[in-house]
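# Geometric and topological summary
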Amino acid sequence: MDAITLAINTESIRKDFPILRRTINGKQLVYLDSAATSQKPRQVIDAIKSHYENSNANVHRGVHTLSQEATETYEAAHEKCAQFINAGFDEIIFTKNATESINLVAYSLSHSLKKGDEILSTEMEHHSNLVPWQQIALAKGAKIKFAKATEEGLDLEDVKKKITKKTRIVAVTHASNVLGTINPVKEIGELAHSKGAVMLVDGAQSVPHMPVDVKEIGCDFMAFSAHKMLGPDGLGILFGKSELLKNMPPFLFGGDMIREVKLDTTRFNSLPWKFEAGTPNVAGAAGFSAAIDYLASVGMDNIREHEKQLTAYCMKRLGSETDVKIYGPRKRTGLVSFNLGKIHAHDTAALLDQEGIEVRAGHHCAMPLAEKLGITASVRASFYLYNKKQEIDLLASALEKARSVFK
Amino acid sequence: MSNLYQEHILDHYSSPRNRRAMTEHDIYERDTNPLCGDEIAIYAKTKSGTITEASFLARGCAISQAAASMLTETVTGMTHKEIKLMGVKEMTDILQLEVGAARIKCAMLSIRTLQSGITRYEEKNGASAS
Ligand SMILES: Cc1ncc(COP(=O)(O)O)c(C=O)c1O
């Protein structure tokens, strides 16, 4: 093993993740699918358990002690999340997942969308940052355009060309979940703003893996999911600039999002609650706070550095084989999508699973991008703070076994 | 998960039977697997409600390709009615394989496609004419 000094102490981190102790098909679990969802540390699991065991109550609805504690827990998660990405408290809305966050913005903005308005997205989007825009464009007679993407990244000239005076919304992913490409979202945001458009950034693959500052990026909206950043399922986050959110109509109507209801009219609640109808995921918020604490204690810079090292090692290790085709650019987030010879990605992934190695195979919810790459599916190994170099060695030797099955 | 990649599966995968387009066909149906975007097209000739010939073209994993290959052999000589009753059990019997929840869609793609092809054929020509 050549010496690379990892930026963080993986061995002590791994002890915090109970699931990493299990075996799969008699082999030690090697979890390489964190881009789909991350594993959860004991601290997060304990926070959720403790909420249900000690403070469970509905929020914003009672004067009793439990309700107050639950409300504090819930609001504290908003505050922590706001600090984590350098936003204001009233700019953080909790949803069900990143997908719902994007739908919220799409639906709310669609009210003011007119025939002939334009929306710009890109060819490398996850379906969740494509289908909502496509559908509101269809419903409103607006036009949706897609900036060209290649394996090397977004074509910025094409972005420039396609943002016009008619462009109202620009929706771009910060990091591709297939190629790992990191897009220059700050520059794209400036282009969008120069033509009077608003900019939504899909942060689902960036916020968990690198320092992200929404003020520095200057985007109007950012969507991401707690489950990809050590937090629980069922909690998504939408950041929105408060001056925009203030004037946008709500997405869902009902309890909690109101200030005053009469039979014929309703006054809506202040931000962020105007966009959070109904009983929210309080236990999820408790877990999410613990997840942010965990990430902050390791340090996002360190996590990014760690993943860079693992990714470089993985690309070197797999890339040295002539029958491995790796997709995407050199500079990337912590994931590597590839195909092994002519073996279908599903078959490769199933054979890796027999060795205890869990990777994703498929189009990764980005069918237009797969088509562009000329493939139906690829295998994706993705890394997080608990992964170690030896796991990439295990991946490489398991690929050897896959080769022998299909020789 | 049991070993999916047994010899007979790999054999049908590497030398698929009836893998070709059929220029003159009564039934043609195309579908994709939402899990992975794999594609299949099934062709068949039919007479008096019985499949007389079946073929396929596909892009997909070993399981879905082997399933299509074995299916085209099995359904030749079967009636529409019998084919429409085929489900997971019949398909796993044909494959002689325990297919887990994750891959059952791959195994079922060809039979489901053929079944919709038959339904469409019958809607157009009447079940009795088939
Ligand atoms: C880039 C990107 N955007 C959006 C999503 C959607 O996230 P969720 O399924 O949590 O809504 C994902 C998750 O796979 C993703 O990778």
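On to the environment of His364 of chain A, then. All names here are of chain A. On the secondary structure map, His364 appears in the loop between β18 (360-362) and α13 (367-373). According to the relative accessible area criterion, His364 is buried, its value standing at 1%. If we ignore the near neighbours within four places in the chain, the residues touching His364 are His126, Asn177, Val178, Ser337, Ser378, Val379 and Arg380. A polar contact is formed between the side chain of His364 and the side chain of Ser378, at a distance of 3.1 Å.

Next up on the list: the sheet that holds strand β9 (residues 167-173) of chain A. All names here are of chain A. Within the open sheet, the 7 strands sit side by side as β4-β12-β11-β10-β9-β5-β6. Their pairing is mixed. Pairing within the sheet leaves two strands with one partner each, and these edge strands are β4 (92-95) and β6 (143-147). Neighbour-to-neighbour, the strand axes of the sheet open up by a mean angle of 20°, direction not taken into account. One ladder, built from 4 bridges, connects β4 with strand β12 (residues 236-240); its direction is antiparallel. Its bridge partner being in β12, Ile93 is matched across the sheet by Leu238. The strands touched by helix α4 (residues 98-110) within the sheet are β4, β9, β10 (198-202), β11 (221-225) and β12, with β11 carrying the most contacts at an inclination of about 150°.

This brings us to the site of the ligand. Residues and elements named next belong to chain A. Lining the immediate environment of the ligand, one finds 13 residues, of which Thr99, Asp202, Gln205, Ser225 and Lys228 sit closest. Contact between the ligand and Gln205: an oxygen atom at 2.7 Å from a side-chain N or O atom of the residue. A distance of 2.6 Å is found between an oxygen atom of the ligand and a side-chain nitrogen or oxygen belonging to Ser225. Surface burial for the ligand is 89%, taken as the share of its 390 Å² of free accessible area covered by protein chains. A breakdown of the residues in the shell around the ligand according to their chemical character gives 2 nonpolar, 9 polar and 2 charged.

What follows deals with the pairing of strand β13 (residues 258-261) of chain A. Note on strand geometry: in a regular strand, side chains alternate between the two faces of the sheet. Residue and element names in this part refer to chain A. As defined by bridge partners, β13 adjoins strand β14 (residues 266-268) across 3 bridges and the pair is classed as antiparallel. By the bridge assignment for β14, Val261 is matched with Thr266. Between β13 and the antiparallel strand that follows it, β14, lie 4 residues.

A separate point is helix α10 (residues 282-298) of chain A. Residue and element names in this part refer to chain A. With 17 residues, α10 ought to run about 24 Å at 1.5 Å a step, and its terminal C-alpha atoms sit 25 Å apart, in line with that. Extensive coverage of α10 is indicated by the burial of 14 of its 17 residues. One side-chain oxygen at the N-terminal end of α10 lies 2.7 Å from the backbone nitrogen of Gly284; it belongs to Asn281. Just past α10, the residue Gly299 takes up positive phi, approximately 100°.

For the rest of this paragraph, the subject is a nonpolar patch on the surface. Residues and elements named next belong to chain A. Judged by side-chain polarity, Tyr107, Phe253 and Phe268 come together as a nonpolar surface patch covering roughly 300 Å² of accessible area. You can see Tyr107 is positioned in helix α4. For Tyr107, a relative accessible area of 35% corresponds to the partly exposed category.

On to a positive patch on the surface, then. A surface patch of like charges, here positive, comprises Lys143, Lys165, Lys166 and Lys195 of chain A. Tracing the chain through its elements places Lys166 of chain A in the loop between α6 (156-162) and β9.

It is worth spelling out the nonpolar core at this point. One finds Phe94, Met222, Phe288 and Leu385 of chain A to be the most contacted residues of the largest nonpolar core, which totals 72 residues. Of the domains in this structure, domain 1 (3-40 + 299-406) and domain 2 (45-296) of chain A are the two that each give at least three residues to this core. Residue contacts for Phe288 of chain A: discarding those within four places in its chain leaves Cys81, Phe94, Phe224, Ala226, Met229, Pro232, Leu235 and Ile237 of chain A. If you look at the next biggest cluster of nonpolar residues, it comprises 71 residues, including Val30, Val359 and Ala396 of chain A together with Leu4 of chain B.

Cut-off values and rules
- Residues numbered from 1 in each chain as written.
- Chains lettered and ligands numbered in written order.
- Predicted model: local features only at pLDDT ≥ 70, side-chain atom pairs only at ≥ 80, totals over all residues.
- Heavy atoms only, no water.
- Helix = DSSP H or I, 4+ residues; strand = E, 2+ residues; numbered from the N terminus.
- Buried < 20%, exposed > 50% of the residue type's maximum accessible area, 1.4 Å probe, protein only.
- Contact = heavy atoms within 4.5 Å.
- Polar contact = N/O pair within 3.5 Å; in protein donor to acceptor, adjacent residues only side chain to side chain.
- Pairing = 2+ DSSP bridges.
- Axes fitted to C-alpha atoms, helices over the stretch in contact; angles between N-to-C directions.
- Near = heavy atom within 4 Å.
- Areas by Shrake-Rupley, 256 points an atom, 1.4 Å probe, with all protein chains shown as cover.
- Nonpolar A, V, L, I, M, F, W, Y, C, P; charged D, E, K, R; others polar.
- Expected span 1.5 Å × (residues − 1).
- Patch = residues over 30% accessible without salt bridge, like charges linked within 9 Å, V, L, I, M, F, W, Y side chains within 5 Å.
- Salt bridge = Lys/Arg side-chain N within 4 Å of Asp/Glu carboxyl O.
- Lys, Arg positive; Asp, Glu negative; His and termini not counted.
- Charge placed at Lys NZ, Arg CZ, Asp CG, Glu CD.
- Core = buried A, V, L, I, M, F, W, Y, C linked by side-chain atoms within 4.5 Å.
- Domains from an automatic or database assignment.

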